[in-house]
Amino acid sequence: MFLRGFVSGTAASTVVFAVIYASVNRKEIYRESDNPSFEDINKLERGREILKYGFPNRGPELMYYTNHVLAYDRAKRTPVWVAEHITAETLKGYASRKYEKFLPDPRIPQMFSAQNSDYQKSGWSRGHMSPAGNHKHSQEAMKDSFFLSNIVPQNFENNAGFWNRLEMYCRDLTKDFQSVRIISGPLVMPYTEEGKKFIKYQIIGDNEVAVPTHLYKIILAERKSQPVAVGVFVIPNQPLDFSHHLSKYQITLHQLESRTGIKFVPNLDLSKTVNLCDIHSCLI
DNA sequence: CTGATCATC
DNA sequence: GATGATCAG
C-alpha cells in the first residue's frame, strides 16, 4: 500500500513541522513590528518617502475562497500554490461540475488574468489545482474552483490520468484520517546544458499563460489532531505511465521553497532531498 | 473522476 | 456566444 512508505518517509516528518511552524514564525514577526525600535521607525519613514509614488508590489497576497486559499502569480497567470482542507464530511454532497464553467477570476485585474481563449487550441488543458471533486459539499465552493486563478495549463492525458489518480488518493486518505490538508501548484524546473543551468517554459495565448514543466502536491494528513503522514509529489507535466517509478524526479526542500514561495522553518535543512514516494505502489 | 469538442439555438 | 449532448482517458 501507498501508506506504508508514505508515513515512514523521513522527509515526511520534516515537512509536517515545516508547515506547522511556518504560521508560528509569522506571528513572531508581527509581534516585533508591533513594537519597532527608533531605527526601524526611521527606516520606515525613509522607505515611505522613497516609495512615495508607489512600487511594483509583486508579493502575492493570499486570496481566500469558499473552500480554498491561493497565492497568485501575476506574471505567469497561474496560482503559485493552492491550499485546501478536506474531510470525509466535506467530500459528501451533490454539487456537480455540470453547473459550472471555467471563468476568469473577477478578483484578478484583467491585465494579469488568464482567459479561456488562452487555453483553447493551445494543446494544453485547464487543470484544477484544488480539484472540483473536492468541493462536492457546496456548489458555491465548486464554482470558486472553476476560476482560472485555480487553473494551470496541464497535459491532457496527465490531467485525466496520473494527476487524477493522485487527487483520488488524497480523497481516499480521508477514510483513514480525520483530516487532510493539501497544497498544490505548478513548478518550472531548471535543466542543465553545457554545465550551466537554465529555466525555460512555454507561454500560451495572448495573455502568455505559463506552462509549468512540473506539478507538485504536498499532502499532510491528520489523526487525533496530530499530523501523522505527509507526502511530497513532484511530477512532470507530461503523459505518465502509472507503472513508472518516479524516484528520479527528486527535489530539495530549498528548490521547492524557491520555486513555489512556500516558506519552511528557518532552521530546516533545505538541502535535504525530499524522498519522493514510489508512485507505482502508491496508486494501486 | 479528469477534461475537450461539436451541434444547436 | 451560450448551452447541452457526446466523446475520450
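Fair warning: this is a prediction, and the values are worked out from it, not measured in the lab. (Residues numbered from 1 in each chain as written. Chains lettered and ligands numbered in written order. Predicted model: local features only at pLDDT ≥ 70, side-chain atom pairs only at ≥ 80, totals over all residues. Heavy atoms only, no water.)

### A short note on the overall build of chain A
We apply this condition: Under the DSSP-based scheme used, a helix requires at least four consecutive residues in state H or I and a strand at least two consecutive residues in state E, with every element numbered from the N terminus. Whether two residues touch is decided by their heavy atoms; if any such pair falls within 4.5 Å, the residues are in contact. Here the open area of atoms and residues is found with the Shrake-Rupley method and a 1.4 Å probe, where only the protein chains shown may cover a residue.
In terms of helices and strands, chain A carries nine helices and 14 strands. Pairs at least 24 residues apart make up 73% of the contacts formed inside chain A by residues separated by at least 6 positions. In the form shown here, chain A has an accessible surface area of approximately 16000 Å², with 52% of it arising from carbon and sulfur atoms.

### Re the protein's contact with DNA strand B
Which entries qualify depends on this criterion: Distances are taken per atom, and a residue is near a molecule or strand as soon as one of its heavy atoms is within 4 Å of it. Each polar contact in these results corresponds to two N or O atoms within 3.5 Å; when the atoms are within protein, one needs to be able to donate a hydrogen and the other to accept it, and residues that are neighboring in sequence are counted only if both atoms are side-chain atoms. The nonpolar class holds Ala, Val, Leu, Ile, Met, Phe, Trp, Tyr, Cys and Pro. Asp, Glu, Lys and Arg form the charged class, and all remaining residues, Gly among them, are polar.
Near DNA strand B you find 16 residues, and of these R126, H128, G133, N159 and N164 are the closest. When the atoms of DNA strand B within 4 Å of the protein are sorted by group, sugar and phosphate make up 84%. Within the backbone of G133, a nitrogen or oxygen atom sits 2.8 Å from a phosphate oxygen of DNA strand B. For DNA strand B, a sugar or linking oxygen lies 2.9 Å from a polar atom in the side chain of N159. Listing elements by their share of the surface near DNA strand B, those giving two or more residues are β4 (125-128), α6 (156-160) and α7 (162-176). Residues belonging to the surface near DNA strand B are distributed by class as follows: six nonpolar, six polar and four charged.

### A word on the confidence of the model for chain A
Parts of the model with low pLDDT should not have their predicted coordinates read in detail. Defined as follows: pLDDT runs from 0 to 100 and stands for how confident the predictor is about each residue.
Residues at a pLDDT of 70 or more form 75% of chain A, whose mean pLDDT is 80. In the predicted structure, residues 1-32 sits below a pLDDT of 50 and forms 53 contacts with residues beyond four places in sequence or in another chain. Confidence drops under pLDDT 50 across residues 275-284; counting only partners more than four residues distant or on other chains, this segment forms 31 contacts.

### A look at the protein's contact with DNA strand C
In the vicinity of DNA strand C, the contacting residues are K101, E157, A160 and N164. Within the side chain of K101, one N or O atom sits 3.3 Å away from a phosphate oxygen of DNA strand C. Between DNA strand C and N164 there is a distance of 3.5 Å, counted from a base nitrogen to a side-chain nitrogen or oxygen. Broken down by class, the residue content of the surface near DNA strand C amounts to one nonpolar, one polar and two charged.

### Here we look at the pattern of salt bridges
What counts, and what does not: Take a side-chain nitrogen of Lys or Arg and a carboxyl oxygen of Asp or Glu: if they are within 4 Å of each other, that pair is a salt bridge. Only protein chains enter the accessibility calculation, which uses a 1.4 Å probe; a residue whose area is less than 20% of its type maximum is buried, one above 50% is exposed, and one in between is partly exposed.
By the definition in use, this model includes five salt bridges. The partner of K92 in a salt bridge is E89, with the nearest N and O atoms 3.1 Å apart. Accessibility expressed as a relative area gives 53% for E89, which makes it exposed. The closest approach of N and O atoms between E100 and K143, which form a salt bridge, is 3.2 Å. Taken together, the residues E100 in the loop between β3 (78-86) and α4 (116-119) and K143 in helix α5 (residues 139-145) connect sequence positions 43 residues apart. Look at E100 and you get buried, because its relative accessible area is 12%.

### Re unusual backbone geometry
Excluding glycine, residues mostly carry a negative phi; peptide bonds, for their part, are mostly trans. The residue R77 is not glycine, and still its phi comes out positive at about 60°. In this structure, R77 sits in the loop between β2 (69-73) and β3. Residue R77 is classed as buried on the basis of its relative accessible area, which comes to 16%. Positive phi, normally seen in glycine, also occurs at K121, with a value near 60°.

### Side note on the packing of aromatic side chains
The way to describe two aromatic rings as a pair is by their centre distance and the angle between their planes. Note the following rule: By convention, a stacked pair of Phe, Tyr or Trp rings (six-membered ring in the case of Trp) has centres within 6.5 Å and planes under 30 degrees apart, an edge-to-face pair has planes over 60 apart, and any other such pair is tilted.
Counted by the stated rule, this structure contains three aromatic pairs. Summarising the aromatic geometry, the rings of Y65 and F147 are spaced 6.4 Å apart at their centres and angled 55° between planes, so their arrangement reads as tilted. Of this pair, Y65 sits in the loop between β1 (62-64) and β2 while F147 sits in the loop between α5 and β5 (151-154), placing them 82 residues apart in sequence. Considering the side-chain rings of F102 and F146, the 4.9 Å spacing of their centres and the 50° angle between planes classify their relative orientation as tilted. With F102 in the loop between β3 and α4 and F146 in the loop between α5 and β5, the pair connects residues that are 44 residues apart, well separated along the chain. Look at F102 and you get buried, because its relative accessible area is 12%.

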